[in-house]
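# Structure assessment
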Amino acid sequence: MGEGKELKEKLFAKKECGWNNVEKSEMDEIFRYADGYIDFLNKAKTEREAVDVVKGMAIAKGFKCICEYDELKPGDKVFYSNRGKSIYLAVIGEEKLEQGLNVIGAHIDSPRLDLKPNPLYEDGELALFKTHYYGGIKKYQWTAIPLAIHGVIVKANGEKITVNIGENPRDPIFTITDLLPHLAIEQMDKKLRSAIDGENLNLLIGSIPYNDKEASERIKLNTLNILNEKYGITESDFLSSELELVPAFNARTLGFDWSMVAGYGQDDRVCAYTSLTAMLNIERPKTTAVCILSDKEEVGSMGNTGMESHVFDTFISELLNKTGENRPNLLDKVFCNSKMLSADVGAAMDPTYSSVSDRYNAAMLGKGVSFDKYTGSRGKAGGSDANAEFVAEVRGLLEENNIKYQITELGKVDVGGGGTIAYILADKGMEVIDCGVPVLSMHAPYEVTSKYDVYSAFKTYEAFWRK
Ligand code: MN
Ligand code: MN
């Protein structure tokens, strides 16, 4: 090696493709892990389904509801389901909780379309559902694709009906129609933002009229009659429902080389799955390990299942009560001593749209888990900025464990921005850094990740809880 080359080797930061130098056995492991992940994506397309799947996986590994414990000791594994829409898990450590917690927090809600409270109507001899979109979507991406309906209908007497239709190949699917190009001259001239009106995201659900010519609104009537036979509901029961439209297609392997995953809801179920599976491998850690799988991140984290709610504080207080440590104001101290990886996806640089990325600071697909030291927009406004000391600590941990990582930024300065739940836990006094898997086509009905990065996130979360 020449002298300059040697010096470069010594001084330059290495940002190499993760797939370089991956041995056959590790490759097999990465692909095997991705199969489990794809399976998870297909079973957990909504926050409620994710909680159910997570609970099942946790119970199989010895986790119990915190309500089943009178007291907690090191090695105990607990979870708390917050109204079936978010869930917190913990493995009690050897040290007192007062010393701090190691927290990893992801979210299990994803952009989608929700049904309105009064969704059903008939127009032009068709039955349709009105929708209201949830989270940051590009509306045109949700037309002319197969959609499934997932969620719950709760009757006034409290009876809860679970709905999941459009996933089984024998199920019907639903779709939002779009204008044919032949007649779309006006639409095509509009800005992408306004080409599809929010009020035009109407779901096509039926077209056969009820067989009584005397009745009016016969197609709506026929649809309601079918729903009444299938679910035992009447139109009023939609008032107390949460029905979500998600893509009816499955997550799949992408690429001739099988290197990527394409699927709906990878923001942020990729970090939910990787942190969960890491937690399921943790036995008797030194520091108590806590996993947050939160709801409502995509709309600002509010509400009692979002991260802004104090239910998480109550969960940690319960841990303090049941380990027998609690005393006045201890919770604040616990939070100030805690460290957190805010596990959320990053924006991978897209070669087709590279103009929005600063290529020196962009996350690249396949270069491993990506850390955003800060988020926010226009001068870091509204973002959470990790302290250099904590970044150094995390870097040290990854380097010690030979995990490839990238420290990145969402996009070019002043081009846009974003945020995660990081600031909420930072507000409580924790050291927090954003850390997750780079994604292409983020928030689209079909998002893309690299299997290498997915596995790298899993290894990172495992190392963080094991340290
Ligand atoms: Mn996210
Ligand atoms: Mn998002």
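Residues numbered from 1 in each chain as written. Chains lettered and ligands numbered in written order. Predicted model: local features only at pLDDT ≥ 70, side-chain atom pairs only at ≥ 80, totals over all residues. Heavy atoms only, no water.

## Describing the nonpolar core
Counted only if it meets this: Here, nonpolar core refers to any group of buried Ala, Val, Leu, Ile, Met, Phe, Trp, Tyr and Cys residues whose side-chain atoms link them within 4.5 Å. Burial classes: relative accessible area under 20% of the type maximum marks a residue as buried, over 50% as exposed, and values in between as partly exposed (1.4 Å probe, protein chains only). Counting from the N terminus, the helices are the DSSP runs of H or I reaching at least four residues and the strands are the DSSP runs of E reaching at least two. In what follows, residue pairs with any heavy atoms lying within 4.5 Å of each other are defined as contacts.
Formed by 61 residues in total, the largest nonpolar core has its most connected members in Leu89, Leu293, Leu341, Tyr461 and Trp465. With nine residues, helix α12 (residues 451–466) is the single largest residue contributor to this core. For Leu293, the residues in contact, after removing those within four places along its chain, are Val54, Ser86, Ile87, Leu89, Ala106, Ile108, Ala272 and Ser275. Leu120, Ala148, Ile205 and Leu227 belong to the second-largest nonpolar core, a separate cluster that totals 32 residues.

## Brief notes about the packing of aromatic side chains
Here is the rule we go by: Whether two aromatic rings pair depends on their centres lying within 6.5 Å, for rings of Phe, Tyr and Trp, where Trp uses its six-membered ring; planes under 30 degrees apart make the pair stacked, over 60 edge-to-face, and the rest tilted. In this scheme, the term charge over a ring applies when either NZ of a lysine or CZ of an arginine sits within 6 Å of the ring centre and within 35 degrees of the ring normal.
Considering all chains together, one arrives at 17 aromatic pairs under this definition. Between Tyr37 and Tyr273, the aromatic rings sit 5.7 Å apart at their centres with planes inclined by 40°, giving tilted as the arrangement. Placement of the pair is Tyr37 in helix α2 (residues 24–43) and Tyr273 in helix α7 (residues 266–279), with a sequence separation of 236 residues. Like Tyr37, the residue Tyr273 is buried in the burial classification. Ring centres of Tyr88 and Phe312 lie 5.4 Å apart, and the angle between their planes is 70°; on these two criteria the pair is classed as edge-to-face. With a gap of 224 residues between them, Tyr88 in strand β3 (residues 86–91) and Phe312 in helix α8 (residues 311–322) connect regions that are remote in the sequence. A network of ring pairs unites the aromatic residues Tyr33, Tyr37, Phe40, Tyr273, Tyr455 and Phe458 as a single cluster. In this arrangement the basic side chain of Lys64 is found over the ring face of Tyr69, its NZ or CZ atom lying 5.0 Å from the centre. The side chain of Lys380 reaches across the aromatic face of Tyr374, ending 3.9 Å from its centre.

## Quick notes on the coordination of the manganese ion (ligand 2)
Heads up, the rule is: For Na, K and Ca the donor cut-off is 3.2 Å, while for other metals it is 2.8 Å, and in both cases only N, O and S atoms qualify; water is not among them, so sites may look incomplete.
Donor atoms from the polypeptide that coordinate the manganese ion (ligand 2) comprise Asp267 (OD), Glu298 (OE), Glu298 (OE) and His443 (NE2), at 2.1 to 2.6 Å from the metal. We note that the donor set of the manganese ion (ligand 2) lies within a single chain, spaced as D-x30-E-x144-H. A separation of 3.3 Å is found between the manganese ion (ligand 2) and the manganese ion (ligand 1), both of which receive a donor from Asp267. Residue Asp267 is found in helix α7, and its partner Glu298 is found in the loop between β14 (288–294) and α8; the two are separated by 31 residues along the sequence.

## Remarks on unusual backbone geometry
Comment: phi is negative for the bulk of residues other than glycine, and the bulk of peptide bonds are trans. The peptide bond linking Asp267 to Asp268 adopts the cis configuration, its omega dihedral lying at 10°. Along the polypeptide, Asp268 turns up in helix α7. Backbone geometry places Trp258, a non-glycine residue, at a positive phi of 60°. With respect to the helices and strands, the residue Trp258 is situated in the loop between β12 (252–254) and β13 (260–263). One non-glycine residue, Arg378, lies in the positive phi region at around 45°. Take Arg378: it is sitting in the loop between β18 (376–377) and α10 (388–400).

## Considering the coordination of the manganese ion (ligand 1)
Every protein donor of the manganese ion (ligand 1) is listed here as His107 (NE2), Asp267 (OD), Asp344 (OD) and Asp344 (OD), and their distances to the metal cover 2.1 to 2.6 Å. Sequence spacing among the residues donating to the manganese ion (ligand 1) works out to H-x159-D-x76-D.

## Quick word on the pairing of strand β5 (residues 112–123)
Moving residue by residue along a regular strand, the side chains alternate between the two faces of the sheet. Definition in use: Should DSSP find at least two bridges between two strands, the strands are regarded as paired.
Direction of pairing for β5 relative to strand β6 (residues 126–134): antiparallel, over a ladder of eight bridges. The partner of Leu120 across the bridge, within β6, is Phe129. By the bridge criterion, two bridges tie β5 to strand β11 (residues 241–247) in an arrangement that is antiparallel. Among the inter-strand pairings, Leu113 is bridged to a residue of β11, identified as Leu245.

## Remarks on the side chain of Asp267
Threshold: Positive charge is attributed to Lys and Arg, negative charge to Asp and Glu, and no charge count is given to His or to the chain ends. Salt-bridge detection follows one rule: a side-chain nitrogen of Lys or Arg within 4 Å of a carboxyl oxygen of Asp or Glu.
One buried charged side chain, Asp267, makes no salt bridge at all; its nearest oppositely charged neighbour is Arg269, positioned 8.8 Å away. Setting aside chain neighbours within four positions, we find Asp267 in contact with His107, Asp109, Ser110, Pro111, Glu298, Asp344, Val345, Met442, His443 and Glu447.

## A closer look at the sheet that holds β12
Which entries qualify depends on this criterion: For helices, the fitted line uses only the C-alpha atoms of the stretch in contact; every axis is such a line through C-alpha atoms, and the angle between N-to-C directions lies from 0 to 180 degrees.
Overall, antiparallel pairing links the three strands, which are arranged β12-β13-β23 in an open sheet. Looking at which strands have only one partner, the edges of the open sheet turn out to be β12 and β23 (447–450). This sheet shows a mean twist of 35° between the axes of neighbouring strands, independent of strand direction. Sitting on the sheet, α7 touches β13 and β23, and the angle it makes with β23 is about 35°. Lying over the sheet, α12 contacts β12, β13 and β23, oriented at roughly 70° with respect to β23.

## Details of the environment of Leu398
Tracing the backbone through its elements, the reader meets Leu398 in helix α10. Here the alpha-carbon distance between Leu398 and Phe464, two residues 66 residues apart in the chain, equals 8.6 Å. If sequence neighbours within four positions are ignored, Leu398 has contacts with Phe371, Ile403, Tyr405 and Thr460.

## Some words on the sheet that holds strand β15 (residues 339–343)
Judged by pairing direction, the sheet is mixed, and its nine strands sit side by side in the order β1-β2-β3-β14-β4-β15-β21-β17-β19 without closing on themselves. The open sheet has two edge strands with one neighbour each: β1 (64–65) and β19 (405–408). In this structure, β3 lies alongside β14, joined through five bridges in antiparallel fashion. When the sheet's bridge partners are listed, Ala90 is paired in β14 with Val290. Against the sheet, helix α3 (residues 47–60) makes contact with β2 (77–82), β3 and β14, and its axis sits at roughly 20° relative to β3, the strand it touches most.

## Observations regarding α2
To be explicit about the condition: One less than the number of residues in a helix, times 1.5 Å, gives the span that helix is expected to have. Within this analysis, the arc is defined by the directions that extend from the helix axis to the C-beta atoms.
Given a rise of 1.5 Å per residue, 20 residues ought to cover 28 Å, and the 29 Å separating the end C-alpha atoms of α2 matches this to within 8%. Within the sequence span of α2, burial applies to Ile30, Tyr33, Ala34, Tyr37, Ile38, Phe40 and Leu41. On an axial view of α2, the arc spanned by its buried residues comes to 155°, and they lie on one face. Turned more than 90 degrees off the buried face of α2, the exposed positions are Lys24 and Ser25. Looking at the buried side of α2, the elements it contacts are α3, β12, β13, α7, β23 and α12.

## Some thoughts on the pattern of salt bridges
A side chain of one charge can pair with a side chain of the opposite charge if their charged atoms are brought near each other. Counted according to the given criterion, the structure contains 30 salt bridges. Close ionic contact of Glu29 with Arg32 constitutes a salt bridge, the shortest N to O distance being 2.7 Å. Here Arg32 and Glu29 lie together in helix α2, a separation of three residues that amounts to about one turn. For Glu29, a relative accessible area of 26% translates into the label partly exposed.

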